[in-house]
Amino acid sequence: MLPNKEKPAIQVSAMTGRTAVVTGSTSGIGLGIARALAADGCAIMLNGFGEPDAIERERAELARTFHVEVLYNGANLSQANECERLIEDALARLGHIDILVNNAGIQHVAPVEDFPVDRWDSILAVNLTAAFHTIRKTLPNMRRLGWGRVINIASTHGLVASSGKAAYVAAKHGLVGLTKVVALETAGSGITCNAICPGWVLTPLVERQIEVKAAAEALSCEGATQKLLAEKQPSGSFTTVEQIASLALFLCAEGANNITGTCIPVDGGWLAQ
Ligand code: NAD
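Scoring rules and cut-offs
Residues numbered from 1 in each chain as written. Predicted model: local features only at pLDDT ≥ 70, side-chain atom pairs only at ≥ 80, totals over all residues. Heavy atoms only, no water. Phe/Tyr/Trp six-rings, centres within 6.5 Å; stacked < 30°, edge-to-face > 60°. Helix = DSSP H or I, 4+ residues; strand = E, 2+ residues; numbered from the N terminus. Buried < 20%, exposed > 50% of the residue type's maximum accessible area, 1.4 Å probe, protein only. Lys NZ or Arg CZ within 6 Å of the ring centre and 35° of its normal. Near = heavy atom within 4 Å. Polar contact = N/O pair within 3.5 Å; in protein donor to acceptor, adjacent residues only side chain to side chain. Areas by Shrake-Rupley, 256 points an atom, 1.4 Å probe, with all protein chains shown as cover. Nonpolar A, V, L, I, M, F, W, Y, C, P; charged D, E, K, R; others polar. Pairing = 2+ DSSP bridges. Domains from an automatic or database assignment. Buried area = accessible area lost by both parts, 1.4 Å probe. Salt bridge = Lys/Arg side-chain N within 4 Å of Asp/Glu carboxyl O. Contact = heavy atoms within 4.5 Å.

**Description of the packing of aromatic side chains**
Here the structure, examined in full by the defined rule, presents one aromatic pair. Here the aromatic rings of Trp 200 and Trp 270 are separated by 5.5 Å at their centres, their planes lie at 50°, and the arrangement is tilted. Placement of Trp 200 in the loop between strand 6 (191–198) and helix 6 (204–216) and of Trp 270 in the segment after strand 7 (263–266) is noted, with a sequence separation of 70 residues between them. Since its relative accessible area comes to 6%, Trp 270 is described here as buried. The ring of Trp 147 is capped by Arg 18, whose NZ or CZ atom sits 3.5 Å from the centre of that ring. Sitting over the ring of Phe 132, Arg 136 keeps its end group 5.5 Å from the ring centre.

**A closer look at unusual backbone geometry**
Even without a glycine there, the phi angle at His 67 is positive, about 55°. With a phi angle near 50°, Ala 218 is a residue other than glycine that sits in the positive phi range. One can find Ala 218 in the loop between helix 6 and helix 7 (221–232). Taking the relative accessible area as the measure of exposure, Ala 218 reaches 72% and is therefore exposed.

**Quick word on the site of the ligand**
Around the ligand sit 32 residues, and of these Ser 27, Asn 103, Tyr 168, Val 201 and Thr 203 come closest. Here a nitrogen atom of the ligand and a backbone polar atom of Leu 77 are 2.9 Å apart. A total of 830 Å² of accessible area belongs to the ligand in isolation, and the protein chains cover 94% of it. Those elements giving two or more residues to the shell around the ligand turn out to be helix 1 (28–39), helix 5 (166–186) and helix 6. A per-element tally of the shell around the ligand places helix 6 first, with four residues. Taken together, the residues that form the shell around the ligand break down as 16 nonpolar, 14 polar and two charged.

**Describing the side chain of Gln 209**
As for its position among the elements, Gln 209 is in helix 6. For Gln 209, a relative accessible area of 13% corresponds to the buried category. From its side chain, Gln 209 meets the backbone oxygen of Leu 205 in a polar contact 3.4 Å long.

**With respect to the pairing of strand 4 (residues 99–102)**
Taking every second residue as pointing to the same face, both faces of strand 4 are buried, with Ile 99 and Val 101 on one and Leu 100 and Asn 102 on the other. Pairing of strand 1 (residues 19–22) with strand 4 involves three bridges; the strand directions are parallel. From the neighbouring strand, Val 21 faces strand 4, where its bridge partner is Leu 100. For strand 4 and strand 5 (residues 148–153), the ladder comprises four bridges, and the chain directions are parallel. Note that in strand 5 the partner of Leu 100 across the bridge is Val 150.

**Some thoughts on the domain arrangement of the chain**
Here the chain is partitioned into domain 1 (19–199 + 239–268) and domain 2 (202–238). The centre of domain 1, based on its C-alpha atoms, is set 25 Å off from the matching centre of domain 2. For the pairing of domain 1 and domain 2, the buried interface totals around 810 Å² over both sides, and the portion due to carbon and sulfur atoms is 50%. Of all residues in domain 1, Gln 107, Thr 239 and Gly 268 give up the largest surface area on contact with domain 2, accounting jointly for 44% of the area buried on that side. For the interface between domain 1 and domain 2, the tally reads zero salt bridges.

**Concerning the pattern of salt bridges**
Overall, the coordinates contain 12 salt bridges when judged by the stated rule. Put simply, Arg 35 and Glu 58 hold a salt bridge, and the shortest N to O gap is 3.6 Å. Of the two residues, Arg 35 sits in helix 1 while Glu 58 sits in helix 2 (residues 52–66), which places them 23 residues apart along the sequence. Look at Arg 35 and you get partly exposed, because its relative accessible area is 30%. One salt-bridge network, in which partners are shared between bridges, spans Lys 213, Glu 217, Lys 227 and Glu 231.

**Some remarks on the environment of Glu 82**
With respect to the element layout, Glu 82 can be found in helix 3 (residues 80–94). Put simply, Glu 82 and His 133 are 51 residues apart on the chain and 9.4 Å apart in space, counted from C-alpha to C-alpha. Contact partners of Glu 82, with chain neighbours within four places excluded, come to Ala 75 and Asn 76. Within the structure, the side chain of Glu 82 is placed 2.7 Å from the backbone nitrogen of Asn 76, a separation counted as a polar contact.

Below you can see the structure in the form of structure tokens.
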């Protein structure tokens, strides 16, 4: 091992020269995946909502730390034309797209008969339809390259249901179906398409659910957290964003060339029950 000061500033890895679009990467799992890809030498197009100064600080820090190009596009993925604009902008500024991670997602919990229609529409738009638009706009470029990775961040809720989550479960089951169709249509082309199905990961999306559960069941946040895990995730602990990111990196590696059309749970035993 070289002492730290003698290490080259820029490491060359299998990912050097690759480019990735990661949707919903201003927070949580998407940011974790973007960070892991950048750390491996991949240029990144970030996307997602947030406070502009905070996003710019994150973008600049990633670029500075990992010596890669990091761009940002704030497209609202509930709109078809903005999904298209995101991919067109990434192609124009990065030159090509090797890796597409469809991660942006939102949640709303309510019984189906009370489910607000506008929340249903926006969950289906962001969690499912956006992936259709980004994939259809990216595939021609991947086919030209003869290589590509599409990774859809689905959920255990892409494979089983929970009450109160009609829109989310419908969208994630749809995303798993879309993953399989894209895998079949790209099989043998050098492109793979897979879904990662996390159980509970402690991100802002889940923190909001814990707050609602604590209020509804008169529990402390700690009590609501323990109950949430105990109900679904036998390991009793959250998966970390780094663990999800390391699976995404593996799916981008040559070792995963023949893994396509799969849905890989990272769920502490949730789906084994
Ligand atoms: P998060 O709330 O931390 O991040 C969501 C990201 O999506 C943010 O960057 C947000 O700005 C972005 N986003 C939301 N609406 C958008 C829109 N209209 N256009 C563009 N970007 C938008 O949540 P997270 O937990 O990191 O979730 C990421 C993905 O992982 C989601 O698809 C979620 O369904 C999935 N997932 C999360 C968990 C979990 O336990 N956290 C479990 C299974 C699946």
